[in-house]
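# Descriptive structure summary
Each chain is listed here by its residues.
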Amino acid sequence: MTATQPLDGVDRELDPALVPAAPLDRGSRRPRRIAGPRSWGLGPWHWIGLAMLTVVVGYSLLYPLLPSYDPYGQDLGRILLTPGADPAHLFGTDSLGRDTASRLALAGRVTVGVVVVIIVVNALIGMIVGTVAGYFGGRLDNAMMALADVKLALPMILVLTALAATFGPSIKLMVIVLAVTYWVGYARVARTSATSLRQRDFVLAPALQGARTARILRVHVLPTVFSQMLILASTDVGAVILLMSSFDYLGLGVQPPVPSWGSMIGESQKYLRQNPAQAIVPGVAIFLAVAGMNLVSQRFTSERAAARRPSRRARGRKE
Amino acid sequence: MTRFVGRRLLQALVTIFAVVLIAFVFGRLAGSPAAQLLPENATQEQRDALNAELGFDRPVIVQFGDYLGGLLRGDFQNSYRETGTSSMALVAERLPVSLHLGLVGLAFALVLAFGAVLIVQYTGSRILRSTVLSVGSVRASIPDFFFGLLLVLTLSVHLGWLPSLGNSAPLSVLMPALTIGTGQFVVYTRLLDNSMSLEGASDYVRTARARGEGRAFIVFREVLPNAILPVLTLAGINLGAFLGGLVLIENVFAWPGLGQLIVGSVYARDFPVVQSGMIVVAALFVAANLLVDLVQGVLDPRVRLA
């Protein structure tokens with residue numbers, strides 16, 4: 001059992017192999033910024049991340065309020081305008097003459113919705129499966145780990161492609177596939193957490209007093225696991241945006257005419273030479289969203305991303 | 001050691017069987033391929049004949065049994081599109097093309113990551129370390145397909161140095177490999193840096209320092225061998241994501257590899273090819289992981305006991 005830091009009620013029991021250490025030489029740990037109420041514990045990089053996120057999310061939410069918002073209207077007389085060529089089209093137009101600025105904003109809204117659904121569903125499934133497997137151990141635990149291995153052996157893109165060919169690609173299919181497969185990472189973290197909690201005094205004591213298992217899980221185990229899930233979810237947002245945009249790029253996710261950042265890049269690849277801005281603008285939006293979210297999530301954890309998949313070696317040692 | 005190897009082999013077989021099953025189920029979910037293979041005005045008799053020929057008129061369990069039996073005899077079924085050609089022959093044709101790209105990309109990643117981390121650890125420079133990790137973070141926030149497009153835009157469209165698509169020119173491997181390499185660079189830099197920093201804080205390093213050993217000796221002879229083990233493990237786990245990334249990159253750069261073949265076959269409902277392709281990808285993954293585990297068992301006796 002590694003050292004725990006009871007910091008703002010969050011139990012951070014990490015795999016010892018994944019706890020970040022100071023650089024080789026200086027011997028001492030970098031002094032930690034102490035969270036003060038005034039700064040919310042945010043360092044300069046967190047603020048930069050927050051600013052990047054605000055730009056993307058604010059733009060997606062507010063631009064549709066403008067009168068020039070029209071993501072679907074085609075104008076074949078004004079196709080492939082470059083940004084600034086026409087004041088009515090801030091970022092130019094695509095190959096059908098649709099306003100890129102409007103499509104960018106709508107795609108941002110779609111992204112936010114899809115990412116929230118995927119992460120909430122996965123965190124919930126992962127939390128339940130992982131907690132139960134970790135708390136009870138045994139056969140269920142082994143079965144879950146075996147399932148995780150099979151899942152890791154199958155590249156998600158292939159699975160989604162195969163299903164898309166069968167049922168036809170749709171945003172619903174993408175969300176379902178991601179929702180039922182992505183939880184393995186959450187389950188692993190929940191499992192590690194539940195396994196160690198099982199032996200702690202505040203969990204053993206009520207068990208000794210005859211509390212029902214359901215109550216122990218609900219009152220004593222799940223709150224800790226839940227806060228871990230929140231941390232993991234915050235680091236996962238960037239990864240899910242990247243994954244989703246890859247699927248959209250291949251045409252397996254959000255379907256036309258609804259725009260998505262990934263499909264906007266995919267479509268503009270055909271006329272990359274004439275109008276590279278049509279690919280660059282959504283690319284920058286993805287970058288801002290992902291980098292911004294990654295910077296912000298470092299507020300909750302530094303090297304937590306690496307802890308998503310505890311090493312097999314470490315797993316073996318515990319069993 | 002024999003038991004350890006035996007158990008890992010058994011696990012590998014179970015994983016492959018699961019993938020075969022999943023691949024088969026996908027193929028059957030789509031229903032009979034008659035609608036795709038026959039002309040639109042085909043009669044019901046022609047459809048029935050084709051279904052009978054392909055075995056689609058029998059119960060699914062029987063079909064799966066036949067398929068498995070065929071696999072054991074080395075019969076991977078013929079491609080629906082290119083009749084008379086074994087689906088595995090089509091896959092085997094594309095496999096080296098993908099491996100070429102994957103290995104060059106992985107080589108880029110490993111050389112860059114090990115070079116950067118070893119320099120950082122050797123100099124102990126904090127500025128250098130945060131620079132390397134920041135560059136990694138920036139790259140990690142750009143989707144691979146967009147990074148690939150940016151490369152095409154600068155190196156090919158603007159500067160005209162490199163061919164942009166396909167694999168006809170010898171240099172065309174550079175851009176896709178660079179895309180994969182920099183993406184994987186991020187993963188390995190973080191892993192190795194984390195692992196080496198952790199080992200660097202352990203007692204045997206302090207002892208070595210107290211003995212008066214030089215930095216080079218400590219970093220390369222003491223820390224590196226120990227730090228490599230966890231990196232190796234995660235490298236094996238990372239391989240699934242790596243293979244998936246390869247599929248994407250092949251589509252961005254029109255690289256005629258396995259990924260393109262599988263995606264193309266999915267759209268053409270050529271399921272024997274899809275199944276064979278998925279089996280090969282899974283086998284690659286399992287084989288690499290098996291290799292990683294065995295190498296680890298040789299290097300670190302503690303793993304064998306786990």
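Each chain has its residues counted from 1, running along the sequence as written. Naming scheme: in the order in which they are written, chains are lettered from A and ligands are numbered from 1. The model is predicted, so local features are restricted to residues of pLDDT at least 70 and side-chain atom pairs to those at 80 or more, both for listing and for counting; the totals for chains, interfaces and linings are taken over all residues. The basis for every side-chain value is the complete set of non-hydrogen atoms in the structure, without hydrogens or water.

## A word on the packing of helix H6 (residues 184-197) of chain A against helix H8 (residues 213-249) of chain A
All names here are of chain A. We count it as follows: Interaxial angles span 0 to 180 degrees and are taken between N-to-C directions of axes, which are lines fitted to C-alpha atoms, for helices over the stretch in contact. Strands are runs of DSSP state E lasting at least 2 residues, helices are runs of H or I lasting at least 4, and numbering of each runs from the N terminus. For this classification, under 35 degrees means roughly parallel, over 145 means roughly antiparallel, 65 to 115 means roughly perpendicular, and everything else is oblique. Two helices cross in a left-handed way if the nearer one is turned anticlockwise from the farther one by less than a right angle. They cross in a right-handed way if the turn is clockwise. Contacts were defined at the residue level, with two residues in contact if any of their heavy atoms lie within 4.5 Å. Amino acid classes used here: Ala, Val, Leu, Ile, Met, Phe, Trp, Tyr, Cys and Pro are nonpolar; Asp, Glu, Lys and Arg are charged; the rest, including Gly, are polar.
Relative orientation of the contacting elements H6 and H8 amounts to 150°, with a least axis distance of 10 Å. Here H8 runs roughly antiparallel to H6, going by the angle between their axes. The way H6 lies across H8 gives a crossing that is right-handed. Taken together, the residues of H8 that come into contact with H6 (itself represented by Gly185, Tyr186, Val189, Ala190, Ser193, Ala194 and Leu197) are Val221, Thr224, Val225, Gln228, Met229, Leu232, Ala233 and Asp236. Residues of the contact of H6 with H8, tallied by class, amount to 10 nonpolar, 4 polar and 1 charged.

## Concerning the UniProt feature "transmembrane region" (unreviewed entry) in chain B
Residues and elements named next belong to chain B. Condition: UniProt positions are given in the numbering used here, feature names are shortened, and annotations may be inferred rather than shown by experiment.
In the numbering used here, UniProt assigns the feature "transmembrane region" (unreviewed entry) to residues 12-31, 97-120, 141-162, 168-188, 227-253 and 273-295. From the first C-alpha to the last, residues 97-120 spans 35 Å; its make-up is 100% helix and 0% strand. Secondary structure content for residues 273-295 is 100% helix and 0% strand, and the end C-alpha separation is 33 Å.

## Concerning the packing of aromatic side chains
Heads up, the rule is: Any Phe, Tyr or Trp ring, taking Trp's six-membered ring, that has another such ring centre within 6.5 Å forms a pair; planes under 30 degrees apart are called stacked, those over 60 apart edge-to-face, and the others tilted. Relative accessible area decides the class of each residue, using a 1.4 Å probe on protein chains only: under 20% of the type maximum gives buried, over 50% gives exposed, and in between gives partly exposed. Each ring is checked for a lysine NZ or an arginine CZ that lies within 6 Å of its centre and within 35 degrees of its normal; such an atom marks a charge sitting over the ring.
Under the defined criterion, the tally for this structure stands at 8 aromatic pairs over all chains. With centroids separated by 4.4 Å and ring planes inclined at 20°, the aromatic side chains of Tyr249(A) and Phe145(B) adopt a geometry described as stacked. Linking Tyr249(A) in helix H8 with Phe145(B) in helix H7 (residues 144-158), this pair reaches from one chain into another. In terms of burial, Tyr249(A) and Phe145(B) fall into one category: buried. Taking 6.3 Å as the distance between ring centres and 35° as the angle between the ring planes, the aromatic pair formed by Tyr122(B) and Phe220(B) counts as tilted. Remark: Phe220(B) occurs in helix H10 (residues 215-252) and Tyr122(B) occurs in helix H5 (residues 87-123); sequence separation between them is 98 residues. By relative accessible area, Phe220(B) is classed as partly exposed at 35%. Taking the ring centre of Phe147(B) as reference, the NZ or CZ of Arg139(B) above it sits at 4.0 Å.

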